[in-house]
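Residues per chain, in single letters:
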Amino acid sequence: FQIINDEYKSPSYTLKVIDQPKILNYTLWLNYPPYLGKQNETLQNQNNILVPKGTQVMLKLVTEGTDRVKSNFGAVAFNKRVLENQVEFTYNIMSSGDIRFFASHLGISAQDSVSIQCNVLEDEYPQIKLDISQDSISDNILFFRGEASDDYGISNLVLNVNLTDQEGKTTN
């Protein structure tokens, strides 16, 4: 463009328009702890997730007009370069909190941001209730009855008994 009036004609100038940084979409891969036996999941553009403690969350953001994305979750912070409009992050989720992303471009003060609320489902301790009763006829016979439960189920239960005789000798 040029600026022209009756007495002045400026040199030609080129105006370069730079896109505002944007986060267009993102994908989350939820990799659950193996002991849960739960199938891993893929989610698109979810702003609120509930995951078991110890889940690994991998994220890929697709951006436009962005050269860097800053991210933070608790004490963990990243500042990564965007390559081919994409950037990836990985977090091991041990506590609830917000994962925040800030897309920026050098020389532009505007930023785009996304926040994902991450809630942790704590793994509860297994519950075991055991009743022991003695046989009414023989003192050497014991009966064991009980219940066991866990928030993620129980795949195996083993009862180990150690017997100690009057001399202090232990047998399994």
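Residues numbered from 1 in each chain as written. Predicted model: local features only at pLDDT ≥ 70, side-chain atom pairs only at ≥ 80, totals over all residues. Heavy atoms only, no water.

J.: Where do I start with the pairing of strand S9 (residues 108-121) in this structure?
T.: Look at any regular strand and the pattern is simple: side chains alternate between the two faces of the sheet. The pairing of strand S3 (residues 48-52) with S9 spans 5 bridges and is classified as parallel. Residue pairing in the sheet places Asn 48 in a bridge with Gln 117 of S9. Hairpin connection from strand S8 (residues 97-105) to S9: 2 residues lie between these consecutive antiparallel strands, with Gly 107 at a positive phi of about 90°. (Pairing = 2+ DSSP bridges. Helix = DSSP H or I, 4+ residues; strand = E, 2+ residues; numbered from the N terminus.)

J.: What is the right way to read the pattern of salt bridges from this model?
T.: Opposite charge on two side chains permits pairing when their charged atoms draw close. In total, this model carries 4 salt bridges according to the counting rule given. Measuring nitrogen to oxygen at the nearest pair gives 3.5 Å for the salt bridge that ties Lys 22 to Glu 64. Here Glu 64 lies in strand S4 (residues 55-64) and Lys 22 lies in strand S1 (residues 22-31), a separation of 42 residues in the sequence. Given the relative accessible area of 30%, Glu 64 is considered partly exposed. Where Glu 122 meets Lys 53, a salt bridge forms, and the shortest distance between an N and an O atom there is 3.5 Å. Pair noted here: Glu 122 is in the loop between S9 and strand S10 (127-134) and Lys 53 is in the loop between S3 and S4, with a separation of 69 residues, a long-range link. Residue Lys 53 is classed as partly exposed on the basis of its relative accessible area of 30%. (Salt bridge = Lys/Arg side-chain N within 4 Å of Asp/Glu carboxyl O. Buried < 20%, exposed > 50% of the residue type's maximum accessible area, 1.4 Å probe, protein only.)

J.: Looking at this structure, I do not really get unusual backbone geometry. What am I missing?
T.: Although it is not a glycine, Asn 45 adopts a positive phi angle of roughly 50°. Secondary-structure assignment places Asn 45 in the loop between strand S2 (41-44) and S3. On the accessibility criterion, Asn 45 (38% relative accessible area) is partly exposed.

J.: Would you take a moment to explain the layout of surface pockets for this structure?
T.: By rolling a water-sized probe across the atoms, one finds the places where empty space is left. Counted as a void, the largest pocket has a volume near 180 Å³. Taken together, Ile 128, Lys 129, Leu 130, Phe 144, Arg 145, Gly 146, Glu 147, Ala 148, Leu 157, Val 158 and Leu 159 form the lining of the largest pocket. Secondary structure elements with two or more residues in the lining of the largest pocket: S10 and strand S11 (142-149). Examining the composition of the lining of the largest pocket, we find that 5 residues originate from one element, S11, more than from any other. (1 Å grid on protein atoms, 1.4 Å probe; cavity = no way out; pocket = protein on both sides within 12 Å on 5 of 7 lines; lining within 4 Å. Points joined across faces, edges and corners; volume = space filled by probe spheres on them.)

J.: Just to check I follow, could you spell out the sheet that holds S1 for this structure?
T.: The strands making up a sheet associate through backbone hydrogen bonding, with each pair oriented either parallel or antiparallel. The 4 strands are arranged S2-S1-S4-S7 in an open sheet whose pairing can be described as antiparallel. Pairing within the sheet leaves two strands with one partner each, and these edge strands are S2 and strand S7 (86-93). Geometrically, the sheet is characterised by an average inter-axis angle of 20° between neighbouring strands, direction not taken into account. (Axes fitted to C-alpha atoms, helices over the stretch in contact; angles between N-to-C directions.)

J.: Help me understand the nonpolar core, please; the structure alone is not making it clear to me.
T.: Side chains that are nonpolar tend, in soluble globular proteins, to be buried together. Judged by nonpolar contacts, the single largest core of 26 residues is most densely connected at Ile 49, Leu 59, Leu 61, Ile 93, Phe 101 and Ile 116. When neighbours within four sequence positions are excluded, Leu 59 is seen to be in contact with Thr 27, Leu 28, Trp 29, Val 87, Glu 88, Phe 89, Tyr 91, Phe 101 and Ile 116. (Core = buried A, V, L, I, M, F, W, Y, C linked by side-chain atoms within 4.5 Å. Contact = heavy atoms within 4.5 Å.)

None of this, on its own, says anything about what the molecule does.
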